[in-house]
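Analysis of the macromolecular model
What follows is each chain in one-letter form.
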Amino acid sequence: MTCLTKKLVFLFSVSCLIFFACDDDNSSNNINNTNNTNNTNNTNNTNNTNNTNNTNNTNNTNNTNNVNPPEPLEQRLEVTALNINDGVASGVSNWRIWGMGSLHVAPVFTAPLADGQTLVCYTVNSTQKIPQVARIDAQDQLVEIYSLTAGLECRGLAAEPDGHFGALLWSNNEDKIFIYRYDSTGNELWNTELTNADNKPDDFNIGDSRLEFGDNTYGAYYHVHSDSGHEGDTLKWVDLDGNESTGWSWGCSHSMSNLLRYNPNVQSFLPVCVTDCYPGTSGDFATQSQGGIYLNHNSGPVVDIDAGCNGSVAGELGGAALAPSGWKLVFNSHQAPMTLGQNSYDPTSMNQDIGWVSIEQDFTWGDIIWLTDTPNIDEADSSVVKWNPVEDTTGTEQYVVGWSEPGSPYVYKLAKTDADGNILEGPVDISSLAQWGRRDDPMRQHHNDDIVWAWFDSPGSSTLNFARLVSGN
């Protein structure tokens, strides 16, 4: 398999009189290259390593000893393009802000491994839909692609500490969903269908699906459709032997967007939903409907959101970072106070901004902090990850937040914040360098504190883009 790789690595204050010999095989943290390289008196690397995946790197910065990456976020960003041969499936039209909107590309899920490698799950269109998992090494080169069960679609990915991994796979034709478990070389060990007596996952034109692993358990949180015709969500647990249990069979309704994150610091899972109706609404839908963000399906609202109990909702979830004592949640919604009823929000005259909130282990939460305040821009597709750059020797708690500004073209921005959501750097426009999927919750903190994510530029593309924000650790 060949993969065309392009890395965008930016130099911070480099004289044009210095000549660099680029080494195509970077070290696992892309800062120092000590293997198979002749280093003399801090001179340039002269012994290039051959790439077994036939990958051509361009615009690479030379890695030398004792050199930290430049501080600005955009100058830390590396992007590698990997050829997966088959074209990625298109995304569905999903209920978004007060109406339907395209998700553009089928969901892409990223799971870092403890050995420095990364797994990425997505769905391709071949003779039929096929879920695949790409294994990417610590130098961001494609190692192998595992083609999973044909006819299913990837709806989530999670990795275990020893390299075993699980995939949440869905059958659109049969309205069934499964957790498949694999060993570290991609061999299937077992699969378990997730079932409820009175509902099933009939489509993903509403809501999301997420898979997490923690405490020797897989957790799956996803949209379901009831036999009586309503839309909700369910939370499922599966142990390492494939035994299923149920957190709840019917949670938020309608469940418009979902998150699930496991935090080993507090040994707990965090399920989050945006609802357009229940819990929260009491009385006539036309005049009394309301939505909100809820934790653990009934704790909240963290924030009240205009909604109509009919699919119309004025907020959606982004991502949740793992904090020392809980989580940092980002989302998009309106800053103005909620008003009741099905005519409460007008997307042509009202506005979406990116919100931030701290959530504790006991599912209590702090004040909402608004990271944006842009009357003419409706931000979306937010993600947040804890950030530990090498130059921070004080242990200051920091986070990187990303969001999009939908339009033609889309604009993608990154910012750095402190633990309270105060912006320390940016936001900076990185649209010419990187992007991410729509409502994918894409970004993850790797084991060396780099931040990684993956995406496809368009439906049908066979180029998997892999981004790394280099911490220097």
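The coordinates are above.
Small disclaimer: the values here were computed from a predicted structure and weren't measured.

What to know about the overall build of the protein chain
Helix and strand counts for the protein chain come out as one helix and 32 strands. Considering only intrachain contacts with a sequence separation of at least 6, the fraction spanning at least 24 residues in the protein chain is 57%. As presented, the protein chain carries roughly 18000 Å² of accessible surface, and 45% of it is formed by carbon and sulfur atoms.

Some words on the pattern of salt bridges
A complete count under the given rule lists 15 salt bridges for this structure. Put simply, Glu-244 and Lys-236 hold a salt bridge, and the shortest N to O gap is 2.7 Å. We classify Glu-244 as partly exposed; its relative accessible area is 30%. Each member of the salt-bridge network shares a partner with another, and the members are Arg-96, Asp-208, Glu-316, Asp-381 and Arg-439.

Thoughts on the sheet that holds strand 31 (residues 451-455)
With respect to topology, four strands assemble into an open sheet ordered 1-32-31-30, the strand pairing being antiparallel. Among the strands making up the open sheet, the edge pair consists of strand 1 (77-83) and strand 30 (444-445). As paired strands, strand 1 and strand 32 (residues 463-469) are joined by seven bridges and run antiparallel to one another. The residue bridging Asn-83 from the neighbouring strand is Thr-463, located in strand 32.

Here's the deal with the nonpolar core
Leu-270, Val-272, Ile-293, Leu-317 and Leu-329 are the most contacted members of the largest nonpolar core, which has 25 residues in total. Every element with two or more residues in this core is listed here: strand 18 (253-263), strand 19 (268-278), strand 20 (291-295), strand 21 (299-305), strand 22 (315-323), strand 23 (326-333) and strand 24 (353-360).

Some thoughts on the sheet that holds strand 11 (residues 176-182)
Spatially, the four strands line up as an open sheet ordered 9-10-11-12, and their pairing is antiparallel. With one partner strand each, in any of the chains shown, strand 9 (153-159) and strand 12 (188-193) form the two edges of the open sheet. Pairwise comparison of adjacent strand axes, ignoring direction, gives a mean angle of 20° for this sheet. Bridging between strand 9 and strand 10 (residues 165-171) involves six bridges; their strand directions are antiparallel. The residue of strand 10 that forms the bridge with Gly-156 is Leu-168.

Quick look at the state of the cysteines
Counted according to the given criterion, the structure contains three disulfides. Disulfide pairing is shown between Cys-121 and Cys-154; the S-S distance is 2.1 Å. Since a negative S-S torsion denotes a left-handed disulfide, the Cys-121-Cys-154 link at about 135° is right-handed. Of the two residues, Cys-121 sits in strand 6 (residues 118-125) while Cys-154 sits in strand 9, which places them 33 residues apart along the sequence. For the pair Cys-121 and Cys-154, one class covers both residues: buried. In this model, Cys-277 is linked to Cys-309 through a disulfide, with the two sulfur atoms separated by 2.1 Å.

A few points about the pairing of strand 21
Two strands pair when backbone bridges link them, and strand 20 and strand 21 are joined in this way by four bridges, in the antiparallel orientation. Pairing of Gly-292 across the sheet is with Asp-304, part of strand 21. Connecting strand 20 to the next strand, strand 21, in antiparallel fashion are three residues, including Asn-296 with a positive phi near 55°.

Observations regarding the environment of Arg-261
Relative to the helices and strands, Arg-261 resides in strand 18. The exposure class of Arg-261 is buried, given its relative accessible area of 8%. In this structure Arg-261 touches Glu-212, Ser-268, Phe-269, Leu-270, Ala-320, Leu-322, Trp-327, Asp-441 and Arg-444, once residues within four positions along its chain are discounted.

Criteria and cut-off values
Residues numbered from 1 in each chain as written. Predicted model: local features only at pLDDT ≥ 70, side-chain atom pairs only at ≥ 80, totals over all residues. Heavy atoms only, no water. Helix = DSSP H or I, 4+ residues; strand = E, 2+ residues; numbered from the N terminus. Contact = heavy atoms within 4.5 Å. Areas by Shrake-Rupley, 256 points an atom, 1.4 Å probe, with all protein chains shown as cover. Salt bridge = Lys/Arg side-chain N within 4 Å of Asp/Glu carboxyl O. Buried < 20%, exposed > 50% of the residue type's maximum accessible area, 1.4 Å probe, protein only. Pairing = 2+ DSSP bridges. Core = buried A, V, L, I, M, F, W, Y, C linked by side-chain atoms within 4.5 Å. Axes fitted to C-alpha atoms, helices over the stretch in contact; angles between N-to-C directions. Disulfide = S-S within 2.5 Å.

Everything listed here is a matter of coordinates, which is why it stays silent on function.
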